[in-house]
Amino acid sequence: MTRIKLVIVPPEEFGRMASDYIANRIIDFHDRRPMNIGTATGGTMEGIYGSLIERARRDDALANALQTVNYFAMDEYVGLDGDHPQSYAYFMRSRLLEPAAVSTSRLQLPNKENVEPAPGAGGCISMYDQMMTDCGGIDLQLAGIGTNGHVAFNEPGTSRDSWTRRVLLSESTISANSRYFSDPSEVPREAYSIGIATIMRAERVVLFASGKNKASALERMIRGRPGDDCPASVLTLHPNCTVFMDWEAASKLRPY
Ligand code: F6R
């Protein structure tokens, strides 16, 4: 029996309500210690971060709290430096940190130095995972879902014992990401990605999905048995996981 919570909202309210969900968690946490948030990138998160910034402009409590958060990116392409406009370092700086006046020193990303010397494969924790632990662990992990059921860059077939490591992207992910590159040959084939075990260790996970093109992946994730063929489905075993979606993404979910 799955324990995940489902939140289904109108498409036109998705960005605002999703960002309010994040904002309220951050404000509630603010007095405890610097919060550690695992961050995702991509089209879904771009809109949500935009709404979060809008709210921070009129909400001092949120603006102040955002500045004390430690941000741990869930993935980064191999071979793109942080100034490349398609790198996830650039995405996080330009879509969230700089507009919110957050010091870029608060952002960590998986990279050659903190992953390759001790890759999180075969059940062994990586240096990047250890960095999260040393900060107190991830309090809130944000995630999106790929049309093939990937979460972060954990492609179908990924073991649930995976930690942060260097991964090969699937053909469907490469083709989905090619919309951001002028030439398909520029799309990176590899990335550093946190693992399923990394995500499962977070205190709270929220996965965001909008649009009809996510409906089949969500149906598989939520209605199917948790399995490595759909890495996101393993999140349904997490004790505190919310799937936040719009009606279109939820359109293939039926009541039991
Ligand atoms: C991004 C990431 C990916 C995306 C997913 C959805 O950091 O890890 O798993 O969250 O591919 O991307 P969009 O929102 O562009 O459909």
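*Asks:* Lay out the sheet that holds strand 4 (residues 75-77) with the relevant residues and their values.
*Replies:* Across the sheet, three strands lie side by side as 4-8-7; this open sheet has antiparallel pairing. Each edge of the open sheet carries a strand with a single partner, namely strand 4 and strand 7 (165-168). Ignoring which end each strand starts from, the neighbouring axes of this sheet average 30° apart. Pairing of strand 4 with strand 8 (residues 190-193), which is carried by three bridges, proceeds in the antiparallel orientation. For Asp 75, the partnering residue across the bridge sits in strand 8 and is Ser 193.

*Asks:* Account for the environment of Gly 43, naming residues and giving values.
*Replies:* When you line up the elements, Gly 43 lands in helix 2 (residues 43-58). Residue class for Gly 43 comes out partly exposed when judged on its relative accessible area of 37%. For the pair formed by Gly 43 and Ala 209, sequence separation is 166 residues and the distance between their alpha carbons is 10.0 Å.

*Asks:* Got a sec to walk through the site of the ligand? Specific residues and values, please.
*Replies:* Lining the immediate environment of the ligand, one finds 15 residues, of which Gly 43, Thr 44, Asp 75, His 150 and Lys 214 sit closest. Between the ligand and Arg 179 there is a distance of 3.2 Å, counted from an oxygen atom to a side-chain nitrogen or oxygen. In the complex, 91% of the free accessible area of the ligand, which totals 400 Å², lies under the protein chains. Of the residues belonging to the shell around the ligand, the class tally is six nonpolar, six polar and three charged.

Rules and cut-offs
Residues numbered from 1 in each chain as written. Predicted model: local features only at pLDDT ≥ 70, side-chain atom pairs only at ≥ 80, totals over all residues. Heavy atoms only, no water. Pairing = 2+ DSSP bridges. Helix = DSSP H or I, 4+ residues; strand = E, 2+ residues; numbered from the N terminus. Axes fitted to C-alpha atoms, helices over the stretch in contact; angles between N-to-C directions. Buried < 20%, exposed > 50% of the residue type's maximum accessible area, 1.4 Å probe, protein only. Near = heavy atom within 4 Å. Polar contact = N/O pair within 3.5 Å; in protein donor to acceptor, adjacent residues only side chain to side chain. Areas by Shrake-Rupley, 256 points an atom, 1.4 Å probe, with all protein chains shown as cover. Nonpolar A, V, L, I, M, F, W, Y, C, P; charged D, E, K, R; others polar.

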